[in-house]
Amino acid sequence: RASERCASDHDGTPFMIVVAALSIVLSRVCATDDLTIGTPHAMRPDADLWGEFGYFGNTLLLRMPVDRHTTFAEHFLSVRQTVLAAYQHQNVPFEEVVKALGVTPTNTTPLFQVMMVLHAFTDEAAYARDDFSLEVVETAPGIAKTDLTLDVTPGPDGVVVSLEYATDIFDEDTVRRLSAMLAEVVTVGVTAPYSM
C-alpha cells in the first residue's frame, strides 16, 4: 500500500495521489499547465444522514496548475490544497457554479471534460441494513458522460482503475497509453516523491 503510506506521509489521501498523477499525465498529453477535473462528492455533512440510503451528492471542480519543474511531492501538496478548498464549498450546487461563471449549459459537462470517480465501498456487506441488502451488478458500459472518466475502486489487493472514454475522441491504443502513463506516474510518485 505504497500510495496509502505516501499520502499519509504528506497528510493527504490516496484519492489525492491519483488526482495528482492524473493531472500530471493530462498536463503532459494536452500540453497545458492549467486544467480542471470534475469529481462527484457524497455530501453527508449532517451525521443524521450517515445511515440513510440514497445519493446526497454534488459535482466538485478541481482546477489546478501543473508546474512541470516541481517534484511529485510539491505537486501533491498543491493538489491537496485544491481538494480541501473544493470540500469547503461542497454545498454550492454545481448548477450555481455554472451560472455564476456565465457558461451556457449544454448536453456535455460545461466546465470539465475529465472526471475522476472514487468508489468508497467494495464490500457488499457494507450495504446491508436489517432485512434489506443491495447487490453490486456489473453492467455493460453505455455512452460516455465525459470525454474521459477515471474510475478508482479500492480493493483487498490494491486499487483497480478503469477508464471510460468517448470513442469519437479517443481510440483504444491512446487510452492504453494514457493508462500506462498514469501507472508510471503513480509508481514513481509514491516510491520517489521528490523526483520528477
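Keep in mind it's a predicted model, so treat the numbers as computed, not measured.

This brings us to the overall build of the protein. Secondary structure assignment for the protein yields 5 helices and 5 strands. Element order for the protein, N to C, with α for helix and β for strand: α-α-β-β-α-α-β-β-β-α. Taking the intrachain contacts of the protein between residues at least 6 apart in sequence as the baseline, contacts between residues at least 24 apart amount to 63%. For the protein, the exposed surface amounts to about 12,300 Å²; the carbon and sulfur share of it is 54%.

Scanning the model with the defined rule gives 1 aromatic pair in all. Between F94 and F112, the aromatic rings sit 6.0 Å apart at their centres with planes inclined by 70°, giving edge-to-face as the arrangement. Of this pair, F94 sits in helix 4 (residues 94-100) while F112 sits in the loop between helix 4 and strand 3 (114-118), and the two are 18 residues apart along the sequence. Here the two residues F94 and F112 agree in accessibility, since each one is buried.

Here is a general trend for soluble globular proteins: nonpolar side chains tend to be buried in one another's company. One finds L22, F72 and M116 to be the most contacted residues of the largest nonpolar core, which totals 35 residues. The set of elements that each furnish at least two residues to this core consists of helix 1 (2-9), helix 2 (14-30), strand 1 (34-42), strand 2 (57-65), helix 3 (72-88), strand 3, strand 4 (148-155) and helix 5 (172-191). With residues up to four places along the chain from it excluded, the contact list for M116 reads F15, V18, V19, L22, I37, G38, T39, P40, L150 and V152. Ranked by size, the runner-up nonpolar core spans 6 residues in total, among them F94, L111, F112 and V117.

Next up on the list: empty space enclosed by the protein. Under the counting rule described, the total for this entry stands at 1 cavity of 30 Å³ or more. Roughly 60 Å³ of volume is contained in the largest cavity. Looking at the lining of the largest cavity, the elements that each hand over two or more residues are helix 2, strand 4 and helix 5. Classifying every residue of the lining of the largest cavity by side-chain character gives 8 nonpolar, 1 polar and no charged.

Next up on the list: the confidence of the model for the protein. In the predicted model, the protein carries a mean pLDDT of 81, and the fraction of residues at 70 or more is 77%. Mean pLDDT across the elements of the protein ranges from a minimum in helix 1, with 72, to a maximum in helix 3, with 92.

Turning next to the packing of helix 2 against helix 3. Across the interface, helix 2 lies against helix 3 with an axial gap of 9 Å and an inter-helix angle of 115°. With respect to helix 3, the element helix 2 is oriented roughly perpendicular. Handedness of the crossing formed by helix 2 with helix 3: right-handed. Contacts between helix 2 and helix 3 involve F15, M16, I17, V19, A20, A21, S23 and I24 from the first element and F72, H75, F76, V79, R80, V83, L84 and Y87 from the second. Its residues assigned to classes, the contact of helix 2 with helix 3 shows 13 nonpolar, 2 polar and 1 charged.

Another aspect to go through is helix 5. The end-to-end C-alpha separation of helix 5 is 29 Å, in line with the 28 Å expected for 20 residues at 1.5 Å each. Three or more residues of helix 5 are buried, namely V175, L178, L182, V185, G189 and V190. Around the axis of helix 5, the buried residues are gathered within 110° of arc, so they sit on the same side. The outward face of helix 5, more than 90 degrees from its buried face, is lined by the exposed residues D173, R176, R177, E184 and T191.

Among the 5 residues that make up strand 3, 4 are buried, leaving the element largely enclosed by the rest of the structure. The pairing of strand 3 with strand 4 spans 5 bridges and is classified as parallel. Across the sheet, residue V114 finds its bridge partner in strand 4, namely L148.

A positive phi angle, close to 55°, is found at A31, a residue other than glycine. Inspection of the secondary structure puts A31 in the loop between helix 2 and strand 1. Residue class for A31 comes out exposed when judged on its relative accessible area of 63%.

Rules behind the numbers
Residues numbered from 1 in each chain as written. Predicted model: local features only at pLDDT ≥ 70, side-chain atom pairs only at ≥ 80, totals over all residues. Heavy atoms only, no water. Helix = DSSP H or I, 4+ residues; strand = E, 2+ residues; numbered from the N terminus. Contact = heavy atoms within 4.5 Å. Areas by Shrake-Rupley, 256 points an atom, 1.4 Å probe, with all protein chains shown as cover. Phe/Tyr/Trp six-rings, centres within 6.5 Å; stacked < 30°, edge-to-face > 60°. Buried < 20%, exposed > 50% of the residue type's maximum accessible area, 1.4 Å probe, protein only. Core = buried A, V, L, I, M, F, W, Y, C linked by side-chain atoms within 4.5 Å. 1 Å grid on protein atoms, 1.4 Å probe; cavity = no way out; pocket = protein on both sides within 12 Å on 5 of 7 lines; lining within 4 Å. Points joined across faces, edges and corners; volume = space filled by probe spheres on them. Nonpolar A, V, L, I, M, F, W, Y, C, P; charged D, E, K, R; others polar. pLDDT = per-residue confidence, 0-100. Axes fitted to C-alpha atoms, helices over the stretch in contact; angles between N-to-C directions. Parallel < 35°, antiparallel > 145°, perpendicular 65-115°, else oblique. Left-handed = near helix turned anticlockwise from the far one by under 90°. Expected span 1.5 Å × (residues − 1). Arc of directions from axis to C-beta. Pairing = 2+ DSSP bridges.

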